[in-house]
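Topology and contacts: notes
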Amino acid sequence: FRWNVPNVGMVMPDSFAARIIELIASVFKVPATEITKDTVALDVDGWDSLPHTELILMIEELIDRQLPLAEVMECENVGDLIEVARTTSVTKAQ
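Figured I'd write up the structure that's included with this text. Just so we're clear, the structure is a prediction, and the values are computed from it rather than from any experiment.

**Considering the packing of helix H1 (residues 16-28) against helix H4 (residues 78-87)**
Interaxial distance between H1 and H4 falls to 10 Å at its minimum, and their mutual angle equals 120°. Between H1 and H4, the angle falls in the class oblique. The hand of the H1/H4 crossing is right-handed. Together, Phe 16, Ala 17, Ile 20, Ile 21 and Ile 24 of H1 and Val 78, Ile 82, Ala 85 and Arg 86 of H4 make up the contact between the two elements. Taken together, the residues of the contact of H1 with H4 break down into 8 nonpolar, no polar and 1 charged.

See the structure below:
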């Protein structure tokens, strides 16, 4: 099973944050311009546990890495989530 990840292209370091923001916008059906690194879940209508889980799985699919749950749980905003995704080195279980 593969998530329907929007075609956001190859993830390059200089556009990494933009790619994650595009995913967030896609999951929550809002314009990407409404999502910033300072955005918190309460700022986005419908951001609760189920779509959050979907988002995490889509990010993992995009980066082909597993996000450490403890680090994800500590994220306070989108910027924190981007940093966790950028710095994780945990290979996904096949």
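**A word on the nonpolar core**
Core analysis: the biggest nonpolar cluster contains 24 residues, and Ile 20, Ile 24, Leu 55, Ile 59 and Leu 67 have the highest contact counts within it. Going through the elements one at a time, H1, helix H2 (49-63) and H4 are the ones with two or more residues in this core. If you tally residues by element for this core, the top one is H1, at 8 residues. The residues touching Leu 55, leaving out its near neighbours within four places in the chain, are Leu 23, Ile 24, Val 27, Phe 28, Trp 47 and Leu 81.

**Some details on unusual backbone geometry**
Positive phi outside glycine occurs at Lys 29, with the angle close to 55°. With respect to the helices and strands, Lys 29 occurs in the loop between H1 and H2. With a relative accessible area of 72%, Lys 29 lands in the exposed category. Its identity as a non-glycine residue notwithstanding, Asp 64 has a phi of 55°, on the positive side. Relative to the helices and strands, Asp 64 is located in the loop between H2 and helix H3 (69-74). Among the residues examined, Asp 64 registers a relative accessible area of 43% and is labelled partly exposed.

**Let's talk about the packing of aromatic side chains**
Counted by the stated rule, this structure contains 1 aromatic pair. Each ring, one from Phe 28 and one from Trp 47, has its centre 4.6 Å from the other, and the planes form 20°; the classification is stacked. Of the two residues, Phe 28 sits in helix H1 while Trp 47 sits in the loop between H1 and H2, which places them 19 residues apart along the sequence. Neither residue differs from the other here; Phe 28 and Trp 47 are each classed as buried.

Criteria and thresholds
Residues numbered from 1 in each chain as written. Predicted model: local features only at pLDDT ≥ 70, side-chain atom pairs only at ≥ 80, totals over all residues. Heavy atoms only, no water. Axes fitted to C-alpha atoms, helices over the stretch in contact; angles between N-to-C directions. Helix = DSSP H or I, 4+ residues; strand = E, 2+ residues; numbered from the N terminus. Parallel < 35°, antiparallel > 145°, perpendicular 65-115°, else oblique. Left-handed = near helix turned anticlockwise from the far one by under 90°. Contact = heavy atoms within 4.5 Å. Nonpolar A, V, L, I, M, F, W, Y, C, P; charged D, E, K, R; others polar. Core = buried A, V, L, I, M, F, W, Y, C linked by side-chain atoms within 4.5 Å. Buried < 20%, exposed > 50% of the residue type's maximum accessible area, 1.4 Å probe, protein only. Phe/Tyr/Trp six-rings, centres within 6.5 Å; stacked < 30°, edge-to-face > 60°.

The quantities given are spatial measurements derived from coordinates; they are silent on function.
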